[in-house]
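In case you want the letters, here they are:
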Amino acid sequence: FLWAAHAQERLEFRLVHPKSRELLDQGTIEPGYEALKLKENRDGRTVIEDLLVKKRPELTGSSISRATVGQGYLGKPNIEFTFDAKGAAIFAQVTRDNVGSRLAIVLDGEVRSAPVIKGPIEGDSGVIGGQFDPKEAQDLANALDRHQRASLTPEASTPAATIRAGMIGLDTSHVPAFAKLFNQ
């Protein structure tokens, strides 16, 4: 699948229900949640996973002030992003309150990734790491960055904080994981 962007993109960060698999296996969808599919390329094959995801986002793409492709663990591409000050505060609270949970990255109603939150991400910068090929990573970074550019107006633009966060562990055994940038 492609991360290709188009004019009406909507990027959201939404929590995955902690009993997602169990509830979906029972055919149960709790109020405030919806069933979405995650498509990922793993070891050269497409894997589809059903997820029970909150309808209400914790954060939207309008809080991202910058996104680029970087180089992650073992040279794999990753997406490095920076939130504005308000987005950084919200994201820190969400990750602090939901360590061990999955956070779905939803673009235009499709789950693009659902990493496990390994620890609080307190700062304005983060990294989405995983099994991206270079084109997928560039397409997602472009989509994230495009949200920022589309939402800026002279009145609304504010400089992003420059706090660097400490490193956290990666859990890439079954899904990409969020990691923080190294504290320098």
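About the criteria used
- Residues numbered from 1 in each chain as written.
- Predicted model: local features only at pLDDT ≥ 70, side-chain atom pairs only at ≥ 80, totals over all residues.
- Heavy atoms only, no water.
- Helix = DSSP H or I, 4+ residues; strand = E, 2+ residues; numbered from the N terminus.
- Buried < 20%, exposed > 50% of the residue type's maximum accessible area, 1.4 Å probe, protein only.
- Contact = heavy atoms within 4.5 Å.
- Areas by Shrake-Rupley, 256 points an atom, 1.4 Å probe, with all protein chains shown as cover.
- Core = buried A, V, L, I, M, F, W, Y, C linked by side-chain atoms within 4.5 Å.
- Salt bridge = Lys/Arg side-chain N within 4 Å of Asp/Glu carboxyl O.

Colleague: What am I meant to see in the overall build of the protein chain here?
Modeller: Scanning the protein chain for helices and strands turns up three helices and 10 strands. The secondary structure elements of the protein chain, listed N-terminal to C-terminal, are β-α-β-β-β-β-β-α-β-β-β-α-β. Residues classed as buried in the protein chain amount to 47% of the 184 residues present. Considering only intrachain contacts with a sequence separation of at least 6, the fraction spanning at least 24 residues in the protein chain is 66%. With an accessible surface of roughly 9,500 Å², the protein chain has 50% of that area assigned to carbon and sulfur atoms.

Colleague: What is the right way to read the nonpolar core from this model?
Modeller: One broad rule of soluble globular proteins: the nonpolar side chains tend to lie buried together. Grouped together as the largest cluster of nonpolar side chains are 24 residues, with contacts concentrated most on Phe13, Ile79, Phe83, Phe91, Ile128 and Leu144. At the level of elements, strand S1 (11-15), strand S5 (64-71), strand S6 (77-83), helix H2 (85-97), strand S7 (103-107) and helix H3 (134-151) are the ones that each hand at least two residues to this core. Ranked by residue count, the leading element in this core is H3, at five residues. In terms of nonpolar packing, the next biggest core, distinct from the first, is built from nine residues, Val16, Ala104, Val106 and Ala114 among them.

Colleague: Hey, could you run me through the pattern of salt bridges in this one?
Modeller: Should the charged atoms of two oppositely charged side chains come close, the side chains can pair. Scanning all chains against the criterion turns up 10 salt bridges. A salt bridge links Asp50 to Lys37; the nearest nitrogen and oxygen atoms lie 2.6 Å apart. Of this pair, Asp50 sits in strand S3 (residues 45-54) while Lys37 sits in strand S2 (residues 33-42), and the two are 13 residues apart along the sequence. Judged by its relative accessible area of 47%, Lys37 falls in the partly exposed class. Between Glu122 and Arg96 there is a salt bridge, with the nearest N and O atoms lying 2.6 Å from each other. Here Glu122 is found in the loop between strand S8 (110-113) and strand S9 (125-129), whereas its partner Arg96 is found in helix H2, with 26 residues between them in sequence. Look at Arg96 and you get partly exposed, because its relative accessible area is 37%.

By themselves these figures say nothing about function.
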